[in-house]
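# Topology and contacts: notes
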Amino acid sequence: MSDATHDRYAVIGNPVGHSRSPAIHAAFAEQTGQSMTYKALSAPLDGFRDVVSSFFQTGGKGLNITVPFKLEAWQMAERRTERAELAGAVNTLWRSDDGCLWGDTTDGIGMVTDIASNHNITITGKRVLVLGAGGAVRGVLQPLLEQNPSSVVVANRTLSKAETLADLFRAIGPITASGLETLDGIFDLVINGTSASLQGDLPPIPEGIISPDSRVYDMMYGAEKTAFMQWAESRGVALAVDGLGMLVEQAAESFAIWRDVRPETGPVIRQVRTAMVAA
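In this report, the structure presented in the accompanying data block is examined. (Residues numbered from 1 in each chain as written. Predicted model: local features only at pLDDT ≥ 70, side-chain atom pairs only at ≥ 80, totals over all residues. Heavy atoms only, no water.)

Turning to the packing of aromatic side chains, a few remarks are in order. By the definition in use, this model includes 7 aromatic pairs. Each ring, one from Phe55 and one from Phe56, has its centre 5.4 Å from the other, and the planes form 85 degrees; the classification is edge-to-face. In this structure, Phe55 and Phe56 share a single accessibility class: buried. Here the aromatic cluster, defined as three or more aromatic residues joined through ring pairs, consists of Tyr9, Tyr38 and Trp258. A cation over an aromatic ring shows up here: Arg80 above the ring of Trp74, its NZ or CZ 3.6 Å from the ring centre. In this structure, Arg127 is placed above the aromatic ring of Phe187, and the distance from its NZ or CZ to the ring centre is 4.1 Å. (Phe/Tyr/Trp six-rings, centres within 6.5 Å; stacked < 30°, edge-to-face > 60°. Buried < 20%, exposed > 50% of the residue type's maximum accessible area, 1.4 Å probe, protein only. Lys NZ or Arg CZ within 6 Å of the ring centre and 35° of its normal.)

Next comes the structure, spelled out in structure tokens:
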């Protein structure tokens, strides 16, 4: 069947050939019986708006946005959800019935769902540390704070960046900023929002911030355990997990926005993990 008989969706990025989103959404569509296609579209660094406009003008239904275009997608959206407004980034675009271009971000709810539902990690009432203060961290702070942790500390090499985020989200919940070396006390949940572990590096953090009872979550993922997960396990942490489930859960949230049906994520997470390890 040609694409013309299906609703069309895509992910836009640069580069985008490595994206797992087409396989994830194909699995969702098959599972839920949706008539749709989903492809990866590469946009020139200076041509994002043209690609988006062309996609919707030719009947496209919805887009996911990945690096480096999430800020530009935020700027392009004519209306934004509250969580997208606060995140300062958009990873999901669609046109409403009145033709308005809407933007949302599903990264944060994807991470929280993965942590709480897939890994049974409690956030409510817990002391949470988030490492990093870039766009990835900004995108997850609102859903994290809405889980009512006892406290959230955002720690970053450049303290002023962490302080900016703490100021931005202070109205939602108990959030403070810290430098990395000055962190104090043991945290129940440590979330790595830096990309350091992909290069085999670790943020310069004190040894004493975790105990065997701590839980560790790395927003990055790979075929092997990340450097951050290995560091945590070597210090006796019983549960250290990567962010592959976050990738699938944020995709499920986008899928639900577009198709008004929520797919089962567990089988798809296992499918993507198997394909990644086999590659």
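Now that the structure has been shown, the text picks up again.
Before going further, it helps to spend a moment on helix 8 (residues 159-169). All buried positions along helix 8 are accounted for by Ala162, Leu165, Ala166 and Phe169. All buried residues of helix 8 lie within an arc of 100 degrees about the axis, which places them on one face of the element. Along helix 8, exposed side chains directed more than 90 degrees from the buried face belong to Thr164 and Asp167. Packed against the buried residues of helix 8 are helix 4 (82-87), helix 6 (135-138), helix 7 (141-145), strand 8 (151-156) and strand 9 (175-179). (Helix = DSSP H or I, 4+ residues; strand = E, 2+ residues; numbered from the N terminus. Arc of directions from axis to C-beta. Contact = heavy atoms within 4.5 Å.)

Moving on, we come to the sheet that holds strand 5 (residues 92-95). Taken in spatial order, the 6 strands line up as 2-1-3-5-6-4 in an open sheet, and their pairing is mixed. The open sheet is flanked by strand 2 (36-42) and strand 4 (79-80), the only strands paired with a single partner. Lying on the sheet, helix 1 (residues 21-32) is in contact with strand 1 (7-13), strand 2 and strand 3 (62-65); it crosses strand 2 at an angle near 175 degrees. (Pairing = 2+ DSSP bridges. Axes fitted to C-alpha atoms, helices over the stretch in contact; angles between N-to-C directions.)

Below, the discussion takes up the pattern of salt bridges. Scanning all chains against the criterion turns up 12 salt bridges. In this structure, Glu207 and Arg235 form a salt bridge, with 2.5 Å as the shortest nitrogen-oxygen distance. Taken together, the positions of Glu207 in the loop between strand 10 (189-192) and strand 11 (215-218) and Arg235 in the loop between helix 9 (227-234) and strand 12 (239-241) put the pair 28 residues apart, joining distant regions of the chain. Of the charged contacts, one joins Glu233 and Lys225 as a salt bridge, the two residues approaching to 3.0 Å between their closest N and O atoms. Through salt bridges with shared partners, one network takes in Arg83, Asp104, Glu253 and Arg262. (Salt bridge = Lys/Arg side-chain N within 4 Å of Asp/Glu carboxyl O.)

Another point: the side chain of Asn91. Tracing the chain through its elements places Asn91 in the loop between helix 4 and strand 5. A polar contact is formed between the side chain of Asn91 and the side chain of Thr92, at a distance of 2.8 Å. Here Asn91 is in contact with Leu63, Asn64, Ile65, Lys70, Asp104, Thr105, Thr106, Asp107 and Gln250, once residues within four sequence places are set aside. (Polar contact = N/O pair within 3.5 Å; in protein donor to acceptor, adjacent residues only side chain to side chain.)

Position of Ser254 among the secondary structure elements: in helix 10 (residues 244-259). Ser254 sits in the buried class, given a relative accessible area of 0%. For Ser254, the side chain forms a polar contact with the side chain of Asn64, separated by 3.0 Å. Polar contacts involving the side chain of Ser254 include one to the side chain of Thr92, which spans 2.8 Å. Apart from the residues within four sequence positions on either side, Ser254 is in contact with Asn64, Thr92 and Thr106.

What follows covers the nonpolar core. Counting 28 residues, the largest nonpolar core has Met111, Leu141, Leu144, Val152, Val154, Ile191 and Tyr217 as its most contacted members. Listed by contribution, the elements that provide at least two residues to this core are helix 5 (107-118), strand 7 (127-131), helix 7, strand 8, helix 8 and strand 10. The element best represented in this core is helix 8, accounting for 4 residues. Excluding its chain neighbours within four sequence positions, the residues that come into contact with Val154 are Val130, Gly132, Ala133, Val137, Leu141, Ala162, Leu165, Ile175, Thr176, Ala177 and Ser178. Among the nonpolar cores identified, the runner-up in size contains 21 residues, and Leu244, Leu247, Ala252 and Met276 belong to it. (Core = buried A, V, L, I, M, F, W, Y, C linked by side-chain atoms within 4.5 Å.)

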